[in-house]
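Residue strings, one per chain:
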Amino acid sequence: MRLTHLGHACLLIELDGARVLVDPGVFSHGFEELGGLDAVVLTHQHPDHVDVERLPALLEANDGARLLAEPETAAELKGAGIEAAALHAGDETEVGGVRLKALGGRHAVIHPDLPRIGNVGLLLGRSRAEGGTGALLHPGDAYDVVPADVDVLALPLWAPWAKSAETVDYLRAVRPAVAVPIHDGPLQPAARGMYVGHARTLGPEGSEVRPLDAGIATDPLG
């Protein structure tokens, strides 16, 4: 497994020969230059997870890539002239020969007065406990998806829908071998370090919190 953090919630995941890009949003940079993608997957419709302005050029440069999106997001994209296959919670498919499961279904509550939108967490690959090379969980914007045997968790570090206690509790619930912080675009470096420190200090025994250098492909399990 190789991961490249392209800012905020955007990850390039290279696993068992597949190249999958998740959540290229407005706070993310560098994904425009990518080629050879097998799929682009969108957890939900918020602009920090999908940049509708830059998405068409990315798809044109990767004309063989599948575009998969949470159903409400797929409908929004269709209105903008972009065709995406709807990825419902509970769906299982393959991208580049790698298993992809969609989990959850709803975005975390930002405020009771705001309607909740759709959100799918993504479980990609097969865990080492299953004999695979590693399973990665990208939960999108929710902390309610806790599958078993997650090797790498893309951990949302900061959000208007979360507080540090919830972040730590989610890390404890999933108990991955490695957590890589994401969803941190608005944070200044010192603030990001504080949130990472909370996760490291309060996270479960046996889980390493490993920040990724921006734009650098890294094997989180290596």
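Structure report, in brief. It should be emphasised that the depicted structure is a prediction, and the values quoted were computed from it without experimental measurement. (Residues numbered from 1 in each chain as written. Predicted model: local features only at pLDDT ≥ 70, side-chain atom pairs only at ≥ 80, totals over all residues. Heavy atoms only, no water.)

This part takes up the overall build of the protein. Secondary structure assignment for the protein yields four helices and 13 strands. Its C-alpha radius of gyration of 16 Å places the protein within 12% of the 17 Å reference for a compact globule of 222 residues. When the backbone C-alpha atoms are referred to their principal axes, the protein occupies close to 45 × 45 × 30 Å. Counting the 222 residues in the protein, one finds 51% classified as buried. (Helix = DSSP H or I, 4+ residues; strand = E, 2+ residues; numbered from the N terminus. Rg over C-alpha atoms; globule rule 2.2 N^0.38 Å. Buried < 20%, exposed > 50% of the residue type's maximum accessible area, 1.4 Å probe, protein only.)

Quick look at the pairing of strand E1 (residues 2–5) now. Two faces make up the sheet, and in a regular strand the side chains alternate between them. Bridge count for E1 against strand E2 (residues 11–15) is four bridges, and the pairing is antiparallel. Residue pairing in the sheet places Leu 3 in a bridge with Ile 13 of E2. Counting the residues between successive antiparallel strands, the hairpin from E1 to E2 contains five residues, one of them, Gly 7, with a positive phi of roughly 100°. (Pairing = 2+ DSSP bridges.)

Another aspect to go through is the sheet that holds strand E3 (residues 18–22). Across the sheet, six strands lie side by side as E1-E2-E3-E4-E5-E6; this open sheet has mixed pairing. The sheet terminates laterally at E1 and strand E6 (85–86), the two strands that pair on one side only. Judged from the two bridges that link them, strand E5 (residues 66–69) and E6 form a sheet pairing that is parallel. Counted as the bridge partner of Ala 69 is Ala 86 from E6. Its contacts with the sheet put helix H2 (residues 71–79) on strand E4 (39–42), E5 and E6, and the angle it makes with E5 is roughly 120°. (Contact = heavy atoms within 4.5 Å. Axes fitted to C-alpha atoms, helices over the stretch in contact; angles between N-to-C directions.)

Turning next to the nonpolar core. By size, the foremost hydrophobic cluster in this structure holds 26 residues, and its most contacted members are Leu 3, Ile 13, Val 20, Val 41, Leu 87, Leu 100 and Leu 124. Residue contacts for Val 41: discarding those within four places in its chain leaves Val 20, Leu 21, Val 22, Asp 23, Leu 68, Leu 87, Leu 100 and Leu 122. Formed by 22 residues, the second largest nonpolar core is a distinct cluster that contains Ala 108, Leu 137, Tyr 195 and Val 196. (Core = buried A, V, L, I, M, F, W, Y, C linked by side-chain atoms within 4.5 Å.)

Before going further, it helps to examine empty space enclosed by the protein. Counted under the stated rule, the structure contains one cavity of 30 Å³ or more. Considering the residues around the largest cavity, the lining is formed by Ile 13, Val 20, Val 22, Val 41, Leu 100, Leu 122, Leu 124, Leu 136 and His 138. Those elements giving two or more residues to the lining of the largest cavity turn out to be E3, strand E9 (118–124) and strand E10 (136–138). Residue composition of the lining of the largest cavity, grouped by class: eight nonpolar, one polar and no charged. (1 Å grid on protein atoms, 1.4 Å probe; cavity = no way out; pocket = protein on both sides within 12 Å on 5 of 7 lines; lining within 4 Å. Points joined across faces, edges and corners; volume = space filled by probe spheres on them. Nonpolar A, V, L, I, M, F, W, Y, C, P; charged D, E, K, R; others polar.)

What follows concerns the environment of Glu 92. With respect to the secondary-structure elements, Glu 92 resides in strand E7 (residues 92–95). In this structure the C-alpha to C-alpha distance between Glu 92 and Ser 28, which are 64 residues apart in sequence, comes to 27 Å. Once residues lying within four places of it in the same chain are set aside, the contact partners of Glu 92 are Arg 99, Leu 100 and Lys 101.

Time to look at the packing of helix H3 (residues 164–174) against helix H4 (residues 189–202). Running from N to C, H3 and H4 point in directions that differ by 45°, and their axes come no closer than 10 Å. Comparing their axes, H4 and H3 come out oblique. Crossing angle aside, the handedness with which H3 passes H4 is right-handed. Between H3 and H4, the residues in contact are Ser 164, Val 168, Leu 171 and Arg 172 and Tyr 195, His 198, Ala 199 and Leu 202, respectively. Taken together, the residues that form the contact of H3 with H4 break down as five nonpolar, two polar and one charged. (Parallel < 35°, antiparallel > 145°, perpendicular 65-115°, else oblique. Left-handed = near helix turned anticlockwise from the far one by under 90°.)

On to the sheet that holds E10, then. Taken together, seven strands build an open sheet; the order of strands is E7-E8-E9-E10-E11-E12-E13 and the sheet is mixed. Of all strands in the sheet, those with a lone pairing partner are E7 and strand E13 (208–209), marking the two edges. Bridging between strand E12 (residues 178–182) and E13 involves two bridges; their strand directions are parallel. In the strand pairing of E13, Ala 179 is matched with Val 209.

We now examine unusual backbone geometry. Negative phi is the rule for most residues except glycine; trans is the rule for most peptide bonds. Even without glycine at this site, Asp 16 takes up a positive phi of about 50°. Inspection of the secondary structure puts Asp 16 in the loop between E2 and E3. Unusually for a residue other than glycine, Arg 175 sits at a positive phi of about 50°. You can see Arg 175 is positioned in the loop between H3 and E12.

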